[in-house]
Amino acid sequence: MPPTASQSSEPSLTAHILKDPLNPFPWYRMMREQYPVYYSREFHSWFITRYSDVQRVINDPLLFSSEQSIRSRPAGRVQQTTRTLLWTDPPRHRQLRSLINQAFTPRTIANLAPRVAEIVHSHLDQVASLGQMDVVKDLANPLPIIVIAELLGIPIQDQQQFKHWSDIIVSPARLQKKQAVIEMNNYFQMVVDRRRQHAQDDLISALLTAHIEGTYLTDAEILSFCRLLLVAGHETSTNLIGNALLTFDEHPSVFEELQAQPELLPGAIEEVIRYRTPIQRLRRAITVDTWIGEHHIKAGEIVSPVLGAANRDETLFTKPEVFDIHRTPNRHLGFGHGIHFCIGSSLARLETKVALEILLTRFASLKRISEVPLQHVASSFVYGVKSLPMTLQER
Ligand code: HEM
């Protein structure tokens, strides 16, 4: 697919983003202002960076298909995620989502709060007396995996194995990944068979009984949803917690304000999602030739709505480069929009709020060890740091 003549002579903006993944924001700004619909040779897709265009793309699943975007990936990649909710279009998406909603209810999530607090405290107990911890490796990484394992009803003795699989599944090692997916599928199939005989108070049992007029989820759909939960709900929440602590560290007055008024945390978390969006961009395939801005884009081409750029669009956000925990309204697109809006948003918000609240109240101070350089998570879709060592002072 040829880019327009004016663009072909431009330096590659997406190459700059790859070079400095923790600060793509100046490039996003330039793109929004000068090349809001930009063909990236590195990514073989059109980068869409203005809020209104991003919203249009993710709100129109018939014209901008999730399902077809995954089919057009290079052969052999991400095969196991096809047919999951995330990569399904209407009408099948509507059916799947309402079946899953019957099991994944706000009450199920809210009930987890005391257990999330327990997990956070037990992880902090192991490191608090050392005077320092890596908040990503020691807390933000294990927390969401344990929560998902418990939500699914995975017994404690199997959780280590579960963590091992999930680490491989979100890593770039492809061969190992295939093997881990097979092992995990076998494991989940066994759990599904057991729950079918003896239902328990867990998500898998609830998924087994969910139905619309007698239509139930198939075993394959349940297994693929279990895997999706792990992938979609693990790294994202980890990065949100890490991004929040990194941003608070850069804004010491915010840290103090939140210590004095923890009730401001929910607003602060929304602002972190806007300011350092954990999922920077999405992927869709165009189903019918269409115009986006001045560009006529052909059916079959891939567009990449950049949430991280939309979330800093000055037409929507006053002083978008400023981290402002009092920002209202804050209509960020960090959890997506429309039919694929993140089904785990309340879980992510809960885990992050509980973890941050405990850190802020338990420690008088929490400071990044700045001698250790920041290393970004190796993905152009995800924004986060691999590790974040901090010194701590208990109250
Ligand atoms: C969908 C972001 C946490 C499960 C999405 C989408 C975004 C997103 C942007 C839309 C994808 C698209 O339109 O193509 C995030 C962020 C999170 C987070 C930033 C944490 C900070 C979670 C958690 C879970 C989860 C904790 C579950 C345990 C899902 C699922 C979908 C989804 C299943 C697909 C929904 C659908 O296709 O209908 N998420 N997510 N997410 N998310 Fe999350």
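Values in this document were obtained by computation on a predicted structure and should not be read as measured data.

## Some points on the overall build of the chain
Right, on to step 1. Along its length, the chain carries 18 helices and twelve strands.
Right, on to step 2. Over its C-alpha atoms the chain spans a radius of gyration of 21 Å, differing by no more than 12% from the 21 Å that the globule rule assigns to 395 residues.
Right, on to step 3. Its C-alpha atoms give the chain principal-axis dimensions of about 60 × 55 × 40 Å.
Right, on to step 4. Taking all 395 residues of the chain together, the buried fraction comes to 40%.
Right, on to step 5. Of the contacts formed within the chain by residues at least 6 apart in sequence, a portion of 72% connects residues at least 24 apart.

## Here we look at the sheet that holds strand E1 (residues 37–40)
Right, on to step 1. As summarised here, the arrangement of the five strands in space is E1-E2-E10-E7-E3, forming an open sheet in which the pairing is mixed. Of all strands in the sheet, those with a lone pairing partner are E1 and strand E3 (64–65), marking the two edges.
Right, on to step 2. Bridge count between E3 and strand E7 (residues 284–286): two bridges; the pairing is antiparallel. When the sheet's bridge partners are listed, Ser65 is paired in E7 with Ala285.
Right, on to step 3. Against the sheet, helix H4 (residues 51–58) touches E1, strand E2 (45–48), E3, E7 and strand E10 (302–305), its axis set at about 125° to E10.

## Section: the pairing of E10
Right, on to step 1. Judged by which residues are buried, E10 turns out to be covered on both faces: Ile302 and Ser304 on one side and Val303 and Pro305 on the other are all buried.
Right, on to step 2. As defined by bridge partners, E2 adjoins E10 across three bridges and the pair is classed as parallel. In the sheet register, Phe47 faces E10, and the bridge partner there is Ser304.
Right, on to step 3. Pairing geometry for E7 and E10, over two bridges, is antiparallel. Bridging across to E10, Ala285 finds its partner in Ile302.

## Examining the environment of Phe381
Right, on to step 1. Locating Phe381 in the fold gives a position in the loop between strand E11 (363–368) and strand E12 (389–394).
Right, on to step 2. In this structure, the C-alpha to C-alpha distance between Phe381 and Leu307, residues 74 residues apart in sequence, is 9.9 Å.
Right, on to step 3. When sequence neighbours within four positions are dropped, the list of residues in contact with Phe381 reads Ile279, Gln280 and Arg281.

## Some thoughts on the packing of helix H8 (residues 113–127) against helix H18 (residues 345–362)
Right, on to step 1. At a minimum axis separation of 9 Å, H8 and H18 run at an interaxial angle of 45°. Taken together, the axes of H8 and H18 are oblique relative to one another. Seen along the crossing, H8 lies across H18 with a hand that is right-handed. Across the interface between the two elements, Ala113, Val116, Ala117, Val120, His121 and Leu124 of H8 pack against Leu350, Glu351, Val354, Ala355, Ile358 and Arg362 of H18.
Right, on to step 2. For the contact of H8 with H18, the per-class residue count stands at nine nonpolar, one polar and two charged.

## Some points on the site of the ligand
Right, on to step 1. Taken together, 25 residues lie around the ligand, and Gly233, Gly336, His340, Cys342 and Gly344 are the ones closest in.
Right, on to step 2. When contributions to the shell around the ligand are tallied by element, the ones reaching two or more residues are helix H14 (219–250) and H18.
Right, on to step 3. The dominant element in the shell around the ligand, judged by the number of residues it contributes, is H14, at seven residues.
Right, on to step 4. Grouping the constituent residues of the shell around the ligand by class yields 16 nonpolar, eight polar and one charged.

## A closer look at the pairing of E1
Right, on to step 1. Going residue by residue along E1, you find Val37 and Tyr39 tucked away on one face and Tyr38 and Ser40 tucked away on the opposite face as well.
Right, on to step 2. Note that E1 and E2 share four bridges and pair antiparallel. For Tyr39, the partnering residue across the bridge sits in E2 and is Trp46.
Right, on to step 3. Two successive antiparallel strands, E1 and E2, enclose a turn made up of four residues, where His44 displays a positive phi of approximately 50°.

Calculation rules
- Residues numbered from 1 in each chain as written.
- Predicted model: local features only at pLDDT ≥ 70, side-chain atom pairs only at ≥ 80, totals over all residues.
- Helix = DSSP H or I, 4+ residues; strand = E, 2+ residues; numbered from the N terminus.
- Rg over C-alpha atoms; globule rule 2.2 N^0.38 Å.
- Buried ≥ 20, exposed ≤ 12 C-beta atoms within 10 Å, placed from the backbone.
- Contact = placed C-beta atoms within 7 Å.
- Pairing = 2+ DSSP bridges.
- Axes fitted to C-alpha atoms, helices over the stretch in contact; angles between N-to-C directions.
- Parallel < 35°, antiparallel > 145°, perpendicular 65-115°, else oblique.
- Left-handed = near helix turned anticlockwise from the far one by under 90°.
- Nonpolar A, V, L, I, M, F, W, Y, C, P; charged D, E, K, R; others polar.
- Near = placed C-beta within 6 Å.

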